[in-house]
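Listed here are the chains, written in short residue letters.
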Amino acid sequence: MSGTLYGGDEIGALVFDPGHHSLRVGYAQEDTPKAEIPAIVGVAPDETANIPAEESKADNNITQNAWKHYIDTTYLHTPRPNMEVHTYMKDGMIENWDLFEKVLDYSYEKIIQSESEYHPVLFSESPWNQRAKREKLTEIMFEKYRVPAFFLVKNAALAAFANGRATALVVDSGATHTSAVPVLDGYVISQAVVKSPLGGDYLISQAKLMLENLGIDLTPAAVIANKEVIRDREKAKYTKKPFSFTPTNSWMSYMTKRTIQDFQQTVLQVSEAPYDERVAASIPAVHYEFPCGYHQDFGPERFRLAENLFDHNMLGAGYLAATSAGMCDVDVRPALYSSVVLTGGNSLLQGFGDRLSRDLSLRTPGSMRLKLIAANGSVERRFGAWVGGSILASIGTFQQMWLSMQEYQESGKSQIDRKCP
């Protein structure tokens, strides 16, 4: 490297942490991201471009200007004619690069409010990210955004750093999946990564089924003009906002998902022991009001829904962690069991940590000492990987690790596999 230091106090490195629920963006050395941008982009025909539809289809060059992209919560939550919502993520990896670049443009323009060529960038990636996608991201950052330096780290390693550990068994429960990833001295042991497709979205779909079977109106708040106060379990009385158009199905389902997500975060709880109807019935019910004004108490069903994350004997979070540790070398297992790090937004479900701890202790060999590390604050838990990235990018000894623009120009994007294991 050419002897220049990128990090330090003068030039702020940026940390990006993409996920299925949102993209976290901010400056290294800070303790929380500047912004959390939903990993969803609204795409609508641009009304301002006065091109007749027939012409724009014939000539591909015009079509690109004829689409308008809506990014971030405020824009997304407003219904617009013909606005479809799309995600750019798939299986924990970036799939739709065009949409992702739009979100990056937005981040630099509106959140960082600075030119991209002044800031080194640290990106997090999933432990199973593919080589082609890593190279593509490297290429975009250097060629399009002209960043001075770039680095990629596995998000599980960052989550371990955020909790002050270099060796840990990271149990990450996010929107689309829950995974157990062993980290040894800051490196992911990739052959022992175990993941299951049960996460926040799965819970939302289960909750949606349950609420629809109960006949509850799930109209999102964004389309409701006003509502009346009603008694418990009465039919909702509300008026919708008068729209001159019908919001698209994809937008409505996204907003409904947000509505159920709030219900899930407020009401759902994981029982300490495997679900038992009698125990659940003895616990006080929780009252919840939906955006349309309908409200009722929820009792045992709160636990029954959350149980789905743990009762699958193959896919339960405890089972994942035990399997992952079992696939590692015998010598490192004690170190892994003594620091099991819990991260991911879905792990904030009430009682998640206690249940994981219980399930794991049943599967831990007697000689091992089990210690579960879970940050208390919701910020540290939801943004675990981001916080770790913020710590890493601001450490003095890390500064010689960056892949610099000079190295990229000399030896190309394949360098990323050599520099970032």
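On a predicted model such as this, the values are computed, not experimentally measured, just so you know. (Residues numbered from 1 in each chain as written. Predicted model: local features only at pLDDT ≥ 70, side-chain atom pairs only at ≥ 80, totals over all residues. Heavy atoms only, no water.)

**Notes on the side chain of S173**
- Locating S173 in the fold gives a position in strand β11 (residues 168-173).
- Only 2.9 Å separates the side chain of S173 from the side chain of N346, close enough to count as a polar contact.
- Among all residues touching S173, those that are not within four sequence positions of it are T178, T343, G344, G345, N346, S347 and F352. (Helix = DSSP H or I, 4+ residues; strand = E, 2+ residues; numbered from the N terminus. Polar contact = N/O pair within 3.5 Å; in protein donor to acceptor, adjacent residues only side chain to side chain. Contact = heavy atoms within 4.5 Å.)

**Examining the sheet that holds strand β1 (residues 14-18)**
- The strand order across the open sheet built from 6 strands is β3-β2-β1-β9-β10-β21, with neighbouring strands paired in mixed fashion. The outermost strands of the open sheet, each flanked by one partner alone, are β3 (35-38) and β21 (403-404).
- The sheet contact formed by strand β2 (residues 22-27) and β3 spans 4 bridges and is antiparallel. Within β3, the position partnered with R24 by the bridge is E36.
- The strands touched by helix α5 (residues 131-144) within the sheet are β9 (121-125), β10 (149-154) and β21, with β10 carrying the most contacts at an inclination of about 150°. (Pairing = 2+ DSSP bridges. Axes fitted to C-alpha atoms, helices over the stretch in contact; angles between N-to-C directions.)

**A look at the sheet that holds strand β5 (residues 67-70)**
- Spatially, β5-β4-β6 is the arrangement adopted by the 3 strands of the open sheet, whose pairing is antiparallel. Across the chains shown, the open sheet's two edge strands, defined by having one partner strand only, are β5 and β6 (84-87). Along the sheet, successive strands turn relative to each other by an average axial angle of 35°, direction set aside.
- One ladder, built from 4 bridges, connects strand β4 (residues 40-45) with β5; its direction is antiparallel. By the bridge assignment for β5, A44 is matched with K68.

**Some words on the packing of helix α12 (residues 317-326) against helix α14 (residues 352-363)**
- Viewed as axis vectors pointing N to C, α12 and α14 meet at an angle of 45°, and their least axial separation amounts to 8 Å. By the criterion of interaxial angle, the relationship of α12 to α14 is oblique. Two packed elements cross with a definite hand, and for α12 against α14 that hand is right-handed. In this structure, α12 contributes A317, G318, Y319, A321 and A322 to the contact, and α14 contributes F352, L356, D359, L360 and R363.
- Of the residues that constitute the contact of α12 with α14, the class distribution is 7 nonpolar, 1 polar and 2 charged. (Parallel < 35°, antiparallel > 145°, perpendicular 65-115°, else oblique. Left-handed = near helix turned anticlockwise from the far one by under 90°. Nonpolar A, V, L, I, M, F, W, Y, C, P; charged D, E, K, R; others polar.)

**Some points on the confidence of the model for the protein chain**
- Residues of the protein chain with pLDDT of at least 70 account for 93%, and the chain-wide mean is 92.
- Helix α1 (residues 53-58) is the least confidently modelled element of the protein chain, averaging 44 in pLDDT, while β1 averages 98, the highest of any element.
- Below a pLDDT of 50 lies the segment residues 53-63, which in the model reaches 3 contacts outside its immediate sequence neighbourhood of four places, other chains included. (pLDDT = per-residue confidence, 0-100.)

**Points about the pattern of salt bridges**
- In this structure the tally under the stated criterion is 22 salt bridges.
- For E30, the salt bridge goes to K34, with nearest N and O atoms at 3.2 Å.
- Overall, the relative accessible area of 46% leaves K34 in the partly exposed class.
- Across the pair R131 and E135 runs a salt bridge, and its minimum N-O distance is 3.1 Å. Here E135 and R131 lie together in helix α5, a separation of 4 residues that amounts to about one turn.
- Taking relative accessible area as the criterion, E135 reaches 13% and is therefore assigned buried.
- Ionic contacts of the salt-bridge type, sharing partners, join the residues E125, R131, R134, E135, K154 and D417 into one network. (Salt bridge = Lys/Arg side-chain N within 4 Å of Asp/Glu carboxyl O. Buried < 20%, exposed > 50% of the residue type's maximum accessible area, 1.4 Å probe, protein only.)

**A few points about unusual backbone geometry**
- The backbone of D72 sits at a positive phi, close to 80°, despite the residue not being glycine.
- Within the secondary structure, D72 is located in the loop between β5 and α3 (73-76).
- Among the residues examined, D72 registers a relative accessible area of 14% and is labelled buried.
- Residues other than glycine seldom take positive phi values, yet N82 does so here, at roughly 60°.
- Within the fold, N82 resides in the loop between α3 and β6.
- For N82, a relative accessible area of 48% translates into the label partly exposed.

**Description of the packing of aromatic side chains**
- Tallying each qualifying case throughout the model produces 20 aromatic pairs.
- Grouping aromatic residues by their ring pairs yields a cluster made of F16, Y88, W97, F100, Y108, F123, F142, Y145, F150 and Y408.
- Sitting above the plane of the W128 ring, K195 keeps its charged end 4.3 Å from the centroid. (Phe/Tyr/Trp six-rings, centres within 6.5 Å; stacked < 30°, edge-to-face > 60°. Lys NZ or Arg CZ within 6 Å of the ring centre and 35° of its normal.)

**Let's talk about the packing of helix α4 (residues 97-112) against α5**
- Packing of α4 against α5 brings their axes to within 12 Å, and their N-to-C directions diverge by 40°. As far as their axial angle goes, α5 and α4 are oblique. The two elements α4 and α5 meet at a crossing, and its hand is right-handed. Between α4 and α5, the residues in contact are W97, F100, E101, L104, D105 and Y108 and K133, K136, L137, I140, M141 and K144, respectively.
- Taken together, the residues of the contact of α4 with α5 break down into 7 nonpolar, no polar and 5 charged.

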